[in-house]
Every structure is written in C-alpha cells, then in structure tokens.
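# Descriptive structure summary
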Amino acid sequence: MGGKFGYENRFFSIVNKIADGFLTGLLWILFSLPLFTIGTASCALYYTIHKSVRGSRGYIWQSFWGAFKSNFRQTTKIWLVSLAIFAFLFTDYRIMRIAIGQGRPFELLYYIFLILMLYVAVWCVYVYAYAARFDSGMKDTMKNAAFMALIHLPWSLLILAVLAGCVLLIYLIPAVFLFLPSAACCLFEMILEKIFRKYMSSEDLEREKELDSTDWG
C-alpha cells in the first residue's frame, strides 16, 4: 500500500509540476503581449520557474506578479537596450550580406555580426535570469551577465542550441509555442543555477541549501 501511494504521490507531483509550468508559460505569453514588457516577463518567468515550479515554494501567480512588479523598471530598460543593440547588429549583418552578394570582400564582417547577434541572444537569457536572482543595478546586471556568458562558453553554446531548437520547433509545429517558454526556461534554470552558485557567497549558498531542503508540501 505504501509503495502504491508513493507512486501515486510522485505521479500527481509530476502532473502538478507540468500544470504549473504550463500556467507560468501562459503568464509569460500574456505579459509579453505589449512587446516592451518581454524582458520583464522573461525575468518573472525565470523567477517563477526557479522558485515555484522547480523549487515548490510559493504560488505561481504571486511569484510571477511579484517578480514582474519589482523588476519592471530595470528589466524594461535592459530590454530596450538589448533590442537597440540587436537591431544595430542585424542592420549591419544585412548590409554585409548584400555586400557579399555584390562580390565585395566583407565576409569576415558578415560572420562577426552574425556571431555577435547570437551572443546577444544568449546574453539576454543570462541577463534576465541574473536580474531575477540577484539584486544588482542595471549596469552591474548587464556587465555580469555578459561576463558569465563569455566565461562559461560551453554552457552558453548549450543555451544557444536550446534557443535554436525552440525556433525550429515553433517553425515546424507552431502550437508548441504554448508549452515551450516554461520548458525552455526549466532547461535554462538547470544550466544557469550551476553557474550562479559559483558566484554566490557561502552565506547565500547555505540559505539556498536550507530552502531546497525545506518541505513545502
């Protein structure tokens, strides 16, 4: 009997996790609709996945809304800056592509701008996750996220592969867009938490350990 109930509890726990993840993804889609709030919604998505979905601490709505409100000003500014950077790089990338088509020797610049665009995409994953986990100013958040994305290049390449896989899946099966935000964020959380812990103080690590070991039933 105990084994049966144990399996049932694990089954319902998994079902609840999936449902919570799906709800969190829907909240991200809803709060991203104004477009200029995508950065803030992404920060709230990571925070909720880390705290409530994978960490089983608190409720989905309260976690998401609390993170959205508290990070709105900073992450909106970061989103606008990152959008401007990406637009600049994409414009130059297109110019170099046209130039190559005309036989001009700009292939190196073409690939440089392409690599920089991919780096900015990965940096965005780092920066909104960093904003969700650490209380830092805008400049420090952007700088530290950029530093981590470069230093931990193998993990960054894995993040880039996940992003590319998401784009491909959405292209092939558009309906998966309803499930991908939370699923991708869970993968990002598993990667980034390994990195973030390397930069946390012993006191912060001990507090994280206590939270992880707490039965939130």
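Overview of the structure. (Residues numbered from 1 in each chain as written. Predicted model: local features only at pLDDT ≥ 70, side-chain atom pairs only at ≥ 80, totals over all residues. Heavy atoms only, no water.)

## What about the nonpolar core?
Defined as follows: We call a set of buried residues a nonpolar core when its members are Ala, Val, Leu, Ile, Met, Phe, Trp, Tyr or Cys and they connect through side-chain atoms within 4.5 Å of each other. Remark: exposure states derive from per-residue accessible area (1.4 Å probe, protein chains only) relative to the maximum for the residue type, with buried under 20%, exposed over 50%, and partly exposed in between. Numbering of helices and strands runs from the N terminus, with a helix taken as a DSSP run of H or I at least four residues long and a strand as a DSSP run of E at least two residues long. Note on contacts: a residue pair qualifies if any of its non-hydrogen atoms lie within 4.5 Å across the two residues.
Grouped together as the largest cluster of nonpolar side chains are 53 residues, with contacts concentrated most on Phe64, Trp123, Tyr126, Ile159, Leu192 and Phe196. Those elements giving two or more residues to this core turn out to be helix H1 (2-32), helix H2 (38-53), helix H3 (60-101), helix H4 (107-133), helix H5 (138-151), helix H6 (153-172) and helix H7 (180-196). When residues of this core are assigned to their parent elements, the largest contribution, 15 residues, is made by H4. Leaving out residues up to four positions away in the same chain, Trp123 has contacts with Ile78, Ser82, Met142, Ala145 and Ala146.

## Considerations on the packing of aromatic side chains
As a reminder, the rule being used: Pairing of aromatic rings covers Phe, Tyr and Trp, the last counted by its six-membered ring, and requires centre-to-centre distances within 6.5 Å; plane angles under 30 degrees mean stacked, over 60 mean edge-to-face, and any other angle means tilted.
Scanning the model with the defined rule gives 17 aromatic pairs in all. Relative to Tyr110, the ring of Tyr93 lies with its centre 5.0 Å away and its plane at 25°, an arrangement referred to as stacked. With a gap of 17 residues between them, Tyr93 in helix H3 and Tyr110 in helix H4 connect regions that are remote in the sequence. Residue class for Tyr93 comes out buried when judged on its relative accessible area of 10%. You can call Tyr110 buried: its relative accessible area is 13%.

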